[in-house]
Amino acid sequence: MTELRADARRNHERVLDAATEAFEASGPDASIDEIARLAGVGHGTVFRRFPTKDDLMVAVIARHVAEMKALAEEALAAEDPGEAFFAFVQQVAELNMRTPGLHRCVVHCGGKPGSAELEKLVERIVARAQRARAVRRDVTPADVPLLVRSALTSAPPGLWRRYLGVVLDGLRPAKTS
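The shown structure was predicted, so the numbers you read here are calculated from the model rather than taken from an experiment. (Residues numbered from 1 in each chain as written. Predicted model: local features only at pLDDT ≥ 70, side-chain atom pairs only at ≥ 80, totals over all residues. Heavy atoms only, no water.)

(A) Quick look at unusual backbone geometry. One non-glycine residue, Arg133, lies in positive phi territory at about 60°. Relative to the elements of secondary structure, Arg133 occurs in the loop between helix H7 (115-131) and helix H8 (143-154). (Helix = DSSP H or I, 4+ residues; strand = E, 2+ residues; numbered from the N terminus.)

Encoded structure:
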């Protein structure tokens, strides 16, 4: 992105903040009119930076992925790999359950910008936890998001934390006597 004037930069951030709020609540059904109103800008301001609603969705999703990547980096820097793994999964689950409409946006857009880098970070977090014997060895890095997403999306309303807890317990190695 080219360097924006201070007022244009503020408007850009307000549009992204408003779009985040709207997409989190309504998914891809959020309207540009609503986003412009929430941001306190005109329609043209939104379309000047984001020619289509999909472009705006991709920018919001990229912010969301960046937030998850920051959590992953923290997990990799943590001293205890097992605690870091379980805390990371819990934090990402919390983030995603606070923003259910974003998942529908991801499905609509066909992917997440920056997701390949996030997947590599998750692979490192899982491998590190496995080396520390905190996560079962027969679990692959690709299993973790699938199991977590399944628990979150299958849980009856208000019970996702309980379902996530069962999945996390299942990721721990069996205790030997």
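Now, onward.
(B) Structural context of helix H9 (residues 160-171). For H9, spanning twelve residues, the distance from its first C-alpha to its last is 17 Å, which sits close to the expected 16 Å at 1.5 Å a residue. Taken together, the buried positions of H9 are Trp160, Leu164, Val167, Leu168 and Leu171. Burial along H9 is one-sided: seen end-on, the buried residues are contained in an arc of 100°. In H9, those exposed residues whose orientation departs by more than 90 degrees from the buried face are Arg162, Val166 and Asp169. If you follow the buried residues of H9, they end up packed against helix H5 (81-98) and H8. (Expected span 1.5 Å × (residues − 1). Buried < 20%, exposed > 50% of the residue type's maximum accessible area, 1.4 Å probe, protein only. Arc of directions from axis to C-beta. Contact = heavy atoms within 4.5 Å.)

(C) Spotlight on the packing of aromatic side chains. Within the structure shown, the criterion is met by one aromatic pair. Residue placement shows Arg172 over the ring face of Phe86; its charged tip is 3.8 Å from the ring centre. (Phe/Tyr/Trp six-rings, centres within 6.5 Å; stacked < 30°, edge-to-face > 60°. Lys NZ or Arg CZ within 6 Å of the ring centre and 35° of its normal.)

(D) Seen up close, the nonpolar core. Of all hydrophobic cores here, the largest spans 53 residues; its most connected members are Phe23, Ile35, Leu56, Phe85 and Phe88. Elements with a contribution of two residues or more to this core: helix H1 (6-26), helix H2 (32-39), helix H4 (53-77), H5, helix H6 (100-109), H7, H8 and H9. Once residues lying within four places of it in the same chain are set aside, the contact partners of Phe88 are Met68, Leu71, Ala72, Ala75, Val122 and Ile125. (Core = buried A, V, L, I, M, F, W, Y, C linked by side-chain atoms within 4.5 Å.)

(E) Layout of the pattern of salt bridges. Counted according to the given criterion, the structure contains seven salt bridges. Taking the shortest distance from any N to any O, the salt bridge between Lys69 and Glu117 comes out at 3.2 Å. Of this pair, Lys69 sits in helix H4 while Glu117 is found in helix H7, placing the two residues 48 residues apart along the sequence. Classification of Lys69 by relative accessible area gives buried; the value is 18%. On the basis of relative accessible area, Glu117 is assigned to the partly exposed category, the value being 44%. One connected set of salt bridges, linked through shared partners, spans Glu13, Asp17 and Arg63. (Salt bridge = Lys/Arg side-chain N within 4 Å of Asp/Glu carboxyl O.)

(F) Highlighting the environment of Leu164. Within the secondary structure, Leu164 is located in helix H9. Not counting chain neighbours up to four residues away, the residues in contact with Leu164 comprise Val89, Gln90, Ala93, Val148, Ala151 and Leu152.

(G) Representation of the environment of Arg149 in the model. Mapped onto the fold, Arg149 is located in helix H8. Overall, Arg149 belongs to the partly exposed group, its relative accessible area being 39%.

(H) Highlighting the packing of H1 against H4. One can describe the packing of H1 onto H4 by two numbers: an axis separation of 10 Å at closest approach and a directional angle of 90°. Relative to H4, the element H1 lies roughly perpendicular. Seen from H1, the contacting residues are Glu13, Val15, Leu16, Asp17, Ala19, Thr20 and Phe23; seen from H4, they are Lys53, Leu56, Met57, Ala59, Val60 and Arg63. Looking at the contact of H1 with H4 residue by residue, the class counts come to eight nonpolar, one polar and four charged. (Axes fitted to C-alpha atoms, helices over the stretch in contact; angles between N-to-C directions. Parallel < 35°, antiparallel > 145°, perpendicular 65-115°, else oblique. Nonpolar A, V, L, I, M, F, W, Y, C, P; charged D, E, K, R; others polar.)

(I) A look at the layout of surface pockets. A volume near 160 Å³ is recorded for the second largest pocket. Forming the walls of the second largest pocket are Arg5, Asp7, Ala8, Asn11, His12, Val15, Thr45, Arg48, Arg49 and Phe50. Those elements that provide at least two residues to the lining of the second largest pocket are H1 and helix H3 (43-49). Per element, the largest residue contribution to the lining of the second largest pocket is five residues, and it comes from H1. The residue inventory of the lining of the second largest pocket, partitioned by class, reads three nonpolar, three polar and four charged. (1 Å grid on protein atoms, 1.4 Å probe; cavity = no way out; pocket = protein on both sides within 12 Å on 5 of 7 lines; lining within 4 Å. Points joined across faces, edges and corners; volume = space filled by probe spheres on them.)

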